[in-house]
Amino acid sequence: MNPTPPPTPDTVRRLVRALLSDDTDPGPGPDVRPVREQGGRFTWWVGRRHVLRLAPDREASQRQRRELRLRDLVRPFVGGAVPMSVARGDWAGGLSYTLDTLVPGLSGERQSVSALGEADLADLLTGLREVPVRQAETLGVPRAAPRSLETLRAAAVRAAERLPADEFDPAGFDQLAPPAAVQLGAQTGPPVLVHHGLLAEHLVVSPDGRVRGVLDWSGAVIGDPAEDIAGLALAVGAPAAVRAATLAGYGARPCLRGLWLARCDSVVRLADSLRGGHGPGGLPLLEAGLRRAWESILLERVTDLRDTPDGAP
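I will try to describe carefully the structure that is included in this document. (Residues numbered from 1 in each chain as written. Predicted model: local features only at pLDDT ≥ 70, side-chain atom pairs only at ≥ 80, totals over all residues. Heavy atoms only, no water.)

Right, let's get into the overall build of the protein. Along the protein, the regular secondary structure elements total eleven helices and ten strands. Taking 2.2 N^0.38 as the reference for a compact globule, 313 residues should give roughly 20 Å; the C-alpha atoms of the protein span a radius of gyration of 21 Å, in line with that estimate. Summarising its shape, the C-alpha atoms of the protein cover approximately 70 × 45 × 45 Å along the three principal directions. A total of 313 residues make up the protein; the buried ones form 47% of that total. Long-range contacts, defined here as pairs at least 24 residues apart, represent 74% of the contacts in the protein between residues at least 6 apart. Total accessible area on the protein stands at roughly 15400 Å², and carbon and sulfur atoms take up 53% of it. (Helix = DSSP H or I, 4+ residues; strand = E, 2+ residues; numbered from the N terminus. Rg over C-alpha atoms; globule rule 2.2 N^0.38 Å. Buried < 20%, exposed > 50% of the residue type's maximum accessible area, 1.4 Å probe, protein only. Contact = heavy atoms within 4.5 Å. Areas by Shrake-Rupley, 256 points an atom, 1.4 Å probe, with all protein chains shown as cover.)

The subject of this paragraph is the packing of aromatic side chains. Per the stated rule, a full pass over the model turns up six aromatic pairs. Relative to Trp-294, the ring of Phe-173 has its centre 5.3 Å away and its plane inclined at 90 degrees; by these criteria the two rings are edge-to-face. In this pair, Phe-173 is assigned in the loop between helix 5 (149-160) and helix 6 (178-183) and Trp-294 in the loop between helix 10 (283-293) and helix 11 (299-302), connecting sequence segments 121 residues apart. For the pair Trp-260 and Trp-294, a centre-to-centre distance of 5.4 Å together with 90 degrees between the ring planes defines the contact as edge-to-face. Placement of the pair is Trp-260 in helix 9 (residues 252-276) and Trp-294 in the loop between helix 10 and helix 11, with a sequence separation of 34 residues. Taking relative accessible area as the criterion, Trp-294 reaches 16% and is therefore assigned buried. Taken together, the ring pairs connect Phe-168, Phe-173, Trp-260 and Trp-294 into an aromatic cluster. Of note, Arg-129 hangs over the ring of Tyr-250, and the distance from its end group to the ring centre comes to 4.7 Å. The ring of Trp-260 carries the charged tip of Arg-263 above its face, separated from the ring centre by 4.7 Å. (Phe/Tyr/Trp six-rings, centres within 6.5 Å; stacked < 30°, edge-to-face > 60°. Lys NZ or Arg CZ within 6 Å of the ring centre and 35° of its normal.)

A pair of packed helices is captured by two measures, namely the crossing angle of their axes and the spacing between those axes. Interaxial distance between helix 3 (residues 115-130) and helix 7 (residues 226-236) falls to 12 Å at its minimum, and their mutual angle equals 160 degrees. Between helix 3 and helix 7, the interaxial angle falls into the category roughly antiparallel. The element helix 3 and its partner helix 7 pack so that their crossing is right-handed. Contacts between helix 3 and helix 7 pair Leu-121, Leu-125 and Leu-128 from the former with Asp-228, Leu-232 and Val-236 from the latter. (Axes fitted to C-alpha atoms, helices over the stretch in contact; angles between N-to-C directions. Parallel < 35°, antiparallel > 145°, perpendicular 65-115°, else oblique. Left-handed = near helix turned anticlockwise from the far one by under 90°.)

Turning to unusual backbone geometry, a few remarks are in order. For His-196, which is not glycine, the phi dihedral falls at a positive 70 degrees. Mapped onto the fold, His-196 is located in the loop between strand 7 (192-194) and strand 8 (203-205). With phi around 60 degrees, Asp-216 is a residue other than glycine that occupies positive phi space. Residue position: Asp-216 is located in the loop between strand 9 (211-214) and strand 10 (221-223).

What the three strands build is an open sheet, ordered 6-8-9; its pairing is antiparallel. Looking along the sheet, the strands with just one partner apiece sit at the ends: strand 6 (106-107) and strand 9. For strand 8 and strand 9, the ladder comprises three bridges, and the chain directions are antiparallel. Within strand 9, the position partnered with Val-205 by the bridge is Val-211. (Pairing = 2+ DSSP bridges.)

Taking 1.5 Å of rise per residue, 21 residues should cover 30 Å, and helix 2 (residues 58-78) covers 29 Å from first to last C-alpha, within 8% of that figure. Taken as a whole, helix 2 carries its principal kink of about 30 degrees at Asp-72; the proline Pro-76 stands between one and four residues after it. Within helix 2 the residues assigned to the buried category are Ala-60, Ser-61, Gln-64, Arg-66, Glu-67, Leu-68, Leu-70, Arg-71, Leu-73, Val-74, Arg-75 and Val-78. Close packing links the buried residues of helix 2 with strand 3 (50-54), strand 4 (85-92), strand 5 (95-101), helix 3, helix 4 (133-138) and strand 7. Regarding helix 2, its N-cap is Asp-57, as a side-chain oxygen of that residue lies 3.2 Å from the backbone nitrogen of Glu-59 further along. Just downstream of helix 2 lies Gly-79, where phi reads positive at about 70 degrees. (Expected span 1.5 Å × (residues − 1). Bend = angle between axes of the 7 residues up to and from the residue. Polar contact = N/O pair within 3.5 Å; in protein donor to acceptor, adjacent residues only side chain to side chain.)

Distances and angles like these do not, on their own, reveal function.
Okay, structure coming up:
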């Protein structure tokens, strides 16, 4: 089967006009332009109020349809953080689209999160924990087994040896001795819905630092809530992530587990990117994530894991 050609501006314009234009309006309809000039052009700005996402293949269509159903399930629990789809359907044979309202604000890569924004993130983590897991499973959201922090730490230590000395000091892993990695194993509490992609580029932040939207729910799983704490450590920094998780009711153990998942991930991803010879475009984001995740927090200096009960929150 031949792949469907990428959408052209005319294809997008005709679809948008059918969705948004009034029958009595003879004009050309809203302006459309690709979100990224390079690549497949499957995501488009539509005027100033909407964004159009076109699935490039049937597998992506399946994920997108699941994401739309999941967003409808999640919205009552997390409020306005979830984008709203104003139209959905197929743009080509079996290939789906969604026309979403544009959440006003800036990417979390460009705008810092304020104290009120941390409270917004706490509300998000609280809401995710309240989403009925069985209902999410009926929508096709998969379960994900918790990762081994021992295994990840070992991989990160090896990866750190490949990084330049001025990029990262491997001595940082002395703070997480192997026995501590064992103690920060997966929690015994029930699994929860996990966004699994709380990176800075998926946070929409207003000029006053409030978190107004969370994008890309396609990777959501049912699993370890420490993964979302880890994502926030990479996105907004370790101290802010831990404060948000603490406000959401999580204790020291899941916070520290999330922190070290993020720290190990940041080292592995940066080392893999440098070794793979990828272009420099993604390196600043990986380097920024590493800096944020390795910010010092008081919790890791005062917490004795031996006295910390299992379970989350």
